[in-house]
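# Coordinate inspection notes
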Amino acid sequence: MGSLFRSEEMALYQLFLQSEAAYACVSELGELGLVQFRDLNPDVNAFQRKFVNEVRRCDEMERKLRYLEKEIKKDNIPMQDTGESPEAPQPREMIDLEATFEKLENELREVNQNAEALKRNYLELTELKHILRKTQVFFDEQDGRLTTTTESMTRALVTDEVRTAHYLGPVQLGFVAGVILREKLPAFERMLWRACRGNVFLRQAMIESHLEDPSSGDQVHKSVFIIFFQGDQLKIRVKKICEGFRATLYPCPEAPTDRREMAMGVMTRIEDLNTVLGQTEDHRRRVLVAAAKNLKNWFVKVRKIKAIYHTLNLFNLDVTQKCLIAECWVPALDIETIHLALRRGTERSGSSVPPILNRMQTYENPPTYNRTNKFTKAFQALIDAYGVATYREMNPAPYTIITFPFLFAVMFGDLGHGAVMALFGLWMIRKEKGLAAQKTDSEIWNIFFGGRYIIFLMGVFSMYTGLIYNDIFSKSLNIFGSHWQISYNKSTVISNKFLQLNPETADYTDTPYPFGMDPIWQVAGANKIIFQNAYKMKISIILGVIHMIFGVIMSYYNHTYFKNRLSLIYEFIPQMVFLLFLFFYMVLLMFIKWNRYSAKNYGRYSASCAPSILITFIDMVLFNTPKPVPEPCEVYMFGGQHFFQTIFVLVALACIPVMLLAKPLNIMKQRRQGNVQPIAAGSTSDVEVGMSNGQISQGVDHHEEEELSEIFIHQGIHTIEYVLGSVSHTASYLRLWALSLAHAQLAEVLWNMVLSNGLKKENWFGGIILTVVFAAWAVLTIGILVLMEGLSAFLHTLRLHWVEFQSKFYQGKGYAFQPFSFESIVENSSSSSQTEGE
């Protein structure tokens with residue numbers, strides 16, 4: 001089989017590179033993304049490796065670029081992203097990049113420091129301006145020039161004696177003026193009162209405009225205050241309190257003329273500072289705009305350089321210190337492509353010695369590599385989420401492309417809801433280039449966009465099953481005309497809720513609806529659910545048994561590919577016989593019942609004589625004698641049924657000890673005869689050697705490194721799991737019926753309780769009501785029936801594939817192939833840096 005159905009064949013190679021050509025060759029391999037290097041220095045500390053200094057230089061360059069990026073985002077400057085990935089720079093270009101980043105960082109830091117100093121000076125002058133204005137008002141009030149004062153802006157913290165002395169007597173008072181954060185003002189007042197024992201007089205007024213903190217850039221609210229006191233001791237105490245509350249004190253002249261002159265000088269300096277600040281901001285923006293044009297490309301270049309040196313640290317040096325030795329896993333089909341990449345790297349470096357690539361023999365299990373494209377990638381991710389496939393075992397992803405959306409659609413079957421989902425998936429597919437270039441940080445959106453092809457197929461398949469169910473937003477399409485002719489009048493049909501469709505009467509034309517269900521069932525309230533229950537329940541069992549049989553067939557291809565004769569004879573054959581003779585036989589009984597029994601028939605083949613499949617199956621397994629039935633009905637559906645059922649059960653039961661004991665006993669027999677030598681635990685068998693080279697040994701025991709007791713235990717666990725799992729897994733597929741019925745009923749409830757109320761209104765007012773009701777119905781339909789029900793059906797479908805299907809053949813014990821790829825490294829680095837930024 002091709003690589004689509006199995007993982008790629010891998011090979012371990014040893015690579016010899018000249019020191020001067022190693023960088024260029026690794027760069028070419030990184031662009032290719034097809035080589036996974038092994039660490040040949042696992043015991044060497046990361047700080048003791050050869051290229052640790054180059055890695056540190058790259059870290060320092062990344063730090064500078066992150067600083068530039070933070071400043072650019074702070075100013076909301078758009079960063080250009082052409083979508084192109086520049087090549088990794090040569091080692092000599094690192095010096096130019098370092099110099100460029102150093103110059104930009106120093107220039108930007110100097111501009112920021114100057115701007116911060118200017119802003120701090122501007123803040124001080126602005127605060128001084130407000131102090132001079134507010135204190136002028138305070139002094140005017142004190143001199144009696146203003147007859148009213150704003151009580152909310154002032155508060156005196158002095159005793160009556162001091163207040164009387166202050167206003168009536170010629171007392172010489174000192175004062176200090178300053179600015180304090182508004183939220184600290186109440187505590188500041190209390191501290192002044194307690195520390196100075198009420199012997200100070202405080203006046204304060206809010207600064208209406210916001211002030212900018214020069215350090216953080218935040219907007220702060222401040223208030224101006226002036227404190228009057230008497231004596232040097234109080235002056236020292238007041239200044240210490242101001243210092244403790246981080247209040248800023250400013251000089252304030254006592255004479256009004258001096259205050260006016262100072263205010264004029266402050267305004268002149270503020271105007272000059274505004275001009276200088278504007279020029280500084282313009283220069284800063286020019287620097288950032290120029291850096292924003294190349295920032296994305298710089299990030300890519302630095303990350304590629306860093307990735308190359310990280311990879312080179314995995315290599316070994318030969319004795320002469322002139323050659324680097326590497327070991328790498330390579331897909332066998334891409335050897336020629338890798339040779340060409342190494343040749344290009346050698347030519348770029350100017351080396352005259354070509355690299356050497358030698359294939360190695362190894363006992364190590366190779367990594368698993370499934371080649372994907374944008375369509376199959378999402379389906380492969382569903383499989384890998386369960387477990388990475390064991391090397392070269394059957395890959396379920398190609399079959400999941402069909403079975404996953406189909407089983408989802410069986411549960412979600414509605415033409416209208418499927419169309420909504422399909423259109424959403426189609427929109428993402430049509431716009432995928434533009435949407436992929438946006439690179440949003442929303443995790444939910446990234447999940448939707450990554451699974452756009454799954455969503456589209458789920459919607460298309462749901463439209464198909466919706467046509468089969470003849471269900472569109474809980475209503476039906478009457479395309480071909482109903483094949484029922486009801487003889488009742490309209491009033492009887494509408495008023496009588498207990499009428500049932502009876503196929504025995506002449507109401508049924510005895511010809512089935514050409515495609516899907518007859519639309520008459522949508523209005524058959526009495527027996528609609530009974531009919532759909534029987535239909536969907538049997539369909540779910542039929543699909544489930546076929547799905548499980550297909551999973552067992554997949555195990556056949558695994559056994560034959562790995563030449564595992566024991567598992568083929570003593571596992572696959574009894575498992576298939578057990579499944580066919582019990583559960584597939586039950587499926588055959590359903591088809592026999594559908595084909596043989598009818599409401600139009602009379603006698604033993606009438607619908608009333610049809611036996612229950614479930615009761616028949618239970619009696620068959622328990623060897624019970626069926627209860628007699630009245631004439632002309634018969635217990636069995638066909639002649640010899642009891643004999644065949646007895647044989648089927650006996651053969652199925654005989655398969656259980658074969659699955660349980662046959663394989664371990666044969667392994668024990670081979671070991672006693674000396675055909676297979678046991679290998680100590682932890683070592684690797686010859687089979688694994690052959691697997692690593694793409695060659696499978698014939699007739700070799702895959703359990704030769706295990707103890708016999710472990711083999712018996714494992715075989716017993718697998719047998720019990722398969723036998724009991726066959727019953728539980730078959731019942732598990734009934735979720736197809738349950739969720740389909742729940743989805744249809746929920747859609748019908750939403751129609752009857754919401755939209756139908758708007759359709760009953762008339763006139764222009766009814767149009768308004770219908771618009772509002774339709775909007776509510778559409779929101780509930782999208783939110784509940786499409787999103788929530790869709791997620792529920794998706795998870796149930798995922799479980800059916802992981803547990804019921806893949807457990808029949810899929811081990812999932814491998815490890816993923818992780819090649820050295822610039823594309824994935826740059827993408828992961830970008831997403832992690834965005835997360836850190838948030």
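Only a predicted model underlies this, so the values are computations on that prediction, with no experimental measurement involved.

### Focus on helix H22 (residues 735-759)
Residue pairs three or four apart in sequence face the same way in an α-helix, which turns once every 3.6 residues. When the terminal C-alpha atoms of H22 are compared, their 34 Å separation across 25 residues agrees well with the 36 Å that a helix rising 1.5 Å per residue should span. Along H22, the sharpest kink reaches roughly 35°, centred on asparagine 752.

### Thoughts on the UniProt feature "transmembrane region" (unreviewed entry) in the protein
Taking the numbering used here, the UniProt-annotated feature "transmembrane region" (unreviewed entry) corresponds to residues 401-429, 449-469, 539-557, 572-592, 604-623, 643-662 and 764-788. Between the C-alpha atoms that bound residues 764-788 the distance is 35 Å, and the span itself is 100% helix and 0% strand.

### Looking at the packing of aromatic side chains
Counting across every chain of the model gives 47 aromatic pairs. Both rings, one in phenylalanine 406 and one in phenylalanine 461, keep their centres 6.4 Å apart while their planes meet at 75°; by these two values the pair is edge-to-face. One end of the pair, phenylalanine 406, is in helix H10 (residues 397-412); the other, phenylalanine 461, is in helix H14 (residues 452-469), and 55 residues separate them in sequence. Seen in terms of ring centroids, phenylalanine 774 and tryptophan 777 are 5.6 Å apart; in terms of plane orientation they differ by 35°. Their pairing is tilted. In this pair, phenylalanine 774 and tryptophan 777 are both assigned in helix H23 (residues 763-805), three residues apart and thus about one turn of the helix distant. Pairwise contacts between aromatic rings join Phe5, Tyr386, Tyr399, Phe550, Trp802, Phe805, Phe809 and Tyr810 into one cluster. The ring of tyrosine 561 has arginine 6 sitting right over it, with the charged end atom 4.0 Å from the ring centre.

### A few points about the confidence of the model for the protein
Of the residues in the protein, 90% have a pLDDT of 70 or more, and the chain-wide mean is 86. Confidence drops under a pLDDT of 50 for residues 145-170, and excluding neighbours within four residues, the segment shows 36 contacts in the predicted structure. A low-confidence stretch, residues 677-702 (pLDDT under 50), is modelled with 48 contacts involving residues beyond four sequence positions or located in other chains.

### Focus: the state of the cysteines
Following the criterion strictly, the structure yields one disulfide and no others. The disulfide partner of cysteine 609 is cysteine 633, and the gap between their sulfur atoms is 1.7 Å. Between cysteine 609 and cysteine 633, the disulfide has an S-S torsion of -60° and is therefore left-handed. Remark: cysteine 633 occurs in the loop between helix H18 (613-622) and helix H19 (641-673) and cysteine 609 occurs in the loop between helix H17 (565-596) and H18; sequence separation between them is 24 residues. Residues cysteine 609 and cysteine 633 agree in their burial class; the two are buried. Unpaired in terms of disulfides, cysteine 196 finds its nearest cysteine sulfur in cysteine 242, a separation of 9.2 Å. The buried category is assigned to cysteine 196, whose relative accessible area is 1%.

### What to know about a nonpolar patch on the surface
On the surface, a cluster of nonpolar side chains totalling about 870 Å² of accessible area is made up of Phe424, Trp427, Ile444, Phe448, Leu746, Leu780, Ile782, Ile784, Leu787 and Met788. Of all the secondary structure elements, the ones that give two or more residues to the nonpolar patch are helix H11 (415-430), helix H13 (443-450) and H23. Counting residues per element, the nonpolar patch draws most heavily on H23, which supplies five residues. Mapped onto the elements, phenylalanine 424 comes out in helix H11.

### Overview of the packing of helix H5 (residues 185-196) against helix H6 (residues 232-244)
In helix packing, the relevant descriptors are the interaxial angle and the interaxial distance, both defined with respect to the helix axes. At their nearest, the axes of H5 and H6 sit 11 Å apart, and the two run at 150° to each other. When the axis of H5 is compared with that of H6, the two are roughly antiparallel. Relative to H6, H5 is oriented so that their crossing is right-handed. Two secondary-structure elements touch here, H5 through Phe188, Met191, Leu192, Ala195 and Cys196 and H6 through Leu234, Arg237, Val238, Ile241 and Cys242. Grouping the amino acids of the contact of H5 with H6 by side-chain chemistry returns nine nonpolar, no polar and one charged.

### Here we look at the pattern of salt bridges
By the definition in use, this model includes 31 salt bridges. Residue glutamate 60 pairs with arginine 63 through a salt bridge whose shortest N-O separation is 2.5 Å. One end of the pair, glutamate 60, and the other, arginine 63, are both in helix H2 (residues 52-74), three residues apart, so they sit about a helical turn from each other. Between glutamate 105 and arginine 63 there is a salt bridge; the shortest N-O distance is 3.1 Å. Here glutamate 105 is found in helix H3 (residues 93-142), whereas its partner arginine 63 is found in helix H2, with 42 residues between them in sequence. On the basis of relative accessible area, glutamate 105 is assigned to the buried category, the value being 5%. Residue classification places arginine 63 among the partly exposed residues on the basis of a relative accessible area of 29%. One network of salt bridges, with partners in common, ties together Asp59, Glu62, Arg303 and Lys306.

Cut-offs applied
Residues numbered from 1 in each chain as written. Predicted model: local features only at pLDDT ≥ 70, side-chain atom pairs only at ≥ 80, totals over all residues. Heavy atoms only, no water. Helix = DSSP H or I, 4+ residues; strand = E, 2+ residues; numbered from the N terminus. Expected span 1.5 Å × (residues − 1). Bend = angle between axes of the 7 residues up to and from the residue. UniProt positions renumbered as here; feature names shortened; annotations may be inferred. Phe/Tyr/Trp six-rings, centres within 6.5 Å; stacked < 30°, edge-to-face > 60°. Lys NZ or Arg CZ within 6 Å of the ring centre and 35° of its normal. pLDDT = per-residue confidence, 0-100. Contact = heavy atoms within 4.5 Å. Disulfide = S-S within 2.5 Å. Buried < 20%, exposed > 50% of the residue type's maximum accessible area, 1.4 Å probe, protein only. Patch = residues over 30% accessible without salt bridge, like charges linked within 9 Å, V, L, I, M, F, W, Y side chains within 5 Å. Areas by Shrake-Rupley, 256 points an atom, 1.4 Å probe, with all protein chains shown as cover. Salt bridge = Lys/Arg side-chain N within 4 Å of Asp/Glu carboxyl O. Axes fitted to C-alpha atoms, helices over the stretch in contact; angles between N-to-C directions. Parallel < 35°, antiparallel > 145°, perpendicular 65-115°, else oblique. Left-handed = near helix turned anticlockwise from the far one by under 90°. Nonpolar A, V, L, I, M, F, W, Y, C, P; charged D, E, K, R; others polar.

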